[in-house]
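Residue-level structural notes
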Amino acid sequence: MASAEAPENPHASFAMACILSLPRTAYYFPSFINPALESRLLEKILSAPKPRWTTLSRRRLQTYPSRLTGTNTLIAEPLPTWLLDPIVARMQGVGIWAESPHRGPNHCLVNVYEPGQGIMPHEDGAAYWPLVATVSLGAPIVLDIFEKDAGGGRGKLVGRILQEPGSLLVTTDDLYKEHLHGIAEVTSDEDLGSPTIANWNLLGSPQDFETGRYDRQTRASLTYRDVLKVSNIGNSLKLFGKR
Ligand SMILES: O=C(O)CCC(=O)C(=O)O
Ligand SMILES: [Fe+2]
């Protein structure tokens, strides 16, 4: 199975998680975290104090450990323990960050979507190593993948990925660099089935979607990334202050 809970051979499990009908490369791991951890994380996110949130017109956002500077630089600071442990070690166990410059994520954007909310088709850009690892919490949601048109805008829809709660989705390579992704602003996701959902054969609970639709509920995502430029200015300031 593609579950990453306790892979006997991490590389075998990674290969089995590849979504073969999409441009290279997306990997889908159902049940990457269990429901108990999922509810703990969700509670932590939803109870965060107001200053932690950025409220956008179509979703709410928290940024850990801090926002990037104007030059897309991260001021060095570890991710909080609740985002690191046990998720990051588990990802590293599957080999997800084996080639990234810092061998692990140093940044995490946490998105919360209410029914009817979403995210416009976009690319995640050059500030990051070209890989995003997304843990889904609370409810399912469909991520749409588009080609870029000649001007870099939204082109043809090339696939839809159904992200179950507790799953991990990894997008990298050409899929990261040459495609856009987005979440439709709808109150239900429809037309779900093996012909229309790219990762249908990898789902943990396809029977949950046998009606071909579901109503959206509050869904959160932990999107882990490796920021390329990191500045140690924060540490230098602390040292300086001690003298
Ligand atoms: O919530 C998601 O799964 C996608 C979010 C996303 O694309 C982003 O934060 O850049
Ligand atoms: Fe994104």
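Residues numbered from 1 in each chain as written. Chains lettered and ligands numbered in written order. Predicted model: local features only at pLDDT ≥ 70, side-chain atom pairs only at ≥ 80, totals over all residues. Heavy atoms only, no water.

Bringing the UniProt feature "domain: Fe2OG dioxygenase" (unreviewed entry) in the chain into the picture now. Here the UniProt feature "domain: Fe2OG dioxygenase" (unreviewed entry) sits at residues 104–228. Taken as a whole, residues 104–228 contains 5% helix and 46% strand, while its terminal C-alpha atoms sit 11 Å from one another. (UniProt positions renumbered as here; feature names shortened; annotations may be inferred. Helix = DSSP H or I, 4+ residues; strand = E, 2+ residues; numbered from the N terminus.)

This brings us to helix H2 (residues 35–46). In an α-helix there are 3.6 residues to a turn, and that puts residues three or four apart on one side. Here H2 contains twelve residues, and its C-alpha end-to-end distance of 16 Å stays within 8% of the 16 Å for a straight helix at 1.5 Å per residue. The inward-facing, buried residues of H2 abut strand S3 (60–64), helix H3 (81–84), helix H4 (87–94), strand S5 (107–113), strand S7 (131–137) and strand S14 (219–225). (Expected span 1.5 Å × (residues − 1). Contact = heavy atoms within 4.5 Å.)

Turning next to the nonpolar core. Among the nonpolar cores identified, the biggest contains 35 residues, and Phe-29, Ile-87, Met-91, Ile-96, Leu-222 and Tyr-224 are the most heavily contacted of them. Those elements that provide at least two residues to this core are strand S1 (26–29), H2, H3, H4, S5, S7, strand S10 (168–172) and S14. Residues contacting Met-91, with those up to four places away along its chain left out, are Phe-32, Ile-96, Trp-97, Ala-133, Val-135, Leu-168 and Tyr-224. Ranked by size, the runner-up nonpolar core spans 23 residues in total, among them Leu-143, Leu-162, Ile-197 and Tyr-214. (Core = buried A, V, L, I, M, F, W, Y, C linked by side-chain atoms within 4.5 Å. Buried < 20%, exposed > 50% of the residue type's maximum accessible area, 1.4 Å probe, protein only.)

To continue, consider the sheet that holds S5. In space, the seven strands of this open sheet follow the order S1-S10-S7-S14-S5-S3-S2, with antiparallel pairing throughout. Two strands in the sheet have a free side with no partner beyond their single neighbour: S1 and strand S2 (54–55). Relative to S5, S3 is paired through five bridges, and the arrangement is antiparallel. From the neighbouring strand, Tyr-64 faces S5, where its bridge partner is Cys-108. Strands S1, S7, S10 and S14 of the sheet are contacted by H4, whose axis makes an angle of about 60° with S14. (Pairing = 2+ DSSP bridges. Axes fitted to C-alpha atoms, helices over the stretch in contact; angles between N-to-C directions.)

For the rest of this paragraph, the subject is the pairing of S5. Successive side chains on a regular strand alternate, one facing one side of the sheet and the next facing the other. With seven of seven residues buried, S5 is to be regarded as a mostly interior element. Side chains His-107, Leu-109, Asn-111 and Tyr-113 project from S5 onto one buried face, and the interleaved Cys-108, Val-110 and Val-112 project onto a second face that is buried too. One ladder, built from seven bridges, connects S5 with S14; its direction is antiparallel. Counterpart to Val-112 in the pairing with S14 is Ala-220.

On inspection of all chains with the given rule, the structure shows five aromatic pairs. A ring pair is formed by Tyr-64 and Trp-82, whose centres lie 5.3 Å apart and whose planes are at 85°; its orientation type is edge-to-face. You can see Tyr-64 sitting in strand S3 and its partner Trp-82 sitting in helix H3, a full 18 residues away along the chain. For the pair shown, Tyr-64 and Trp-82 are each scored as buried. In this structure an aromatic cluster arises from ring pairing among Phe-14, Tyr-27, Phe-29 and Phe-32. Residue placement shows Arg-60 over the ring face of Trp-53; its charged tip is 4.1 Å from the ring centre. Taking the ring centre of Tyr-128 as reference, the NZ or CZ of Arg-225 above it sits at 4.9 Å. (Phe/Tyr/Trp six-rings, centres within 6.5 Å; stacked < 30°, edge-to-face > 60°. Lys NZ or Arg CZ within 6 Å of the ring centre and 35° of its normal.)

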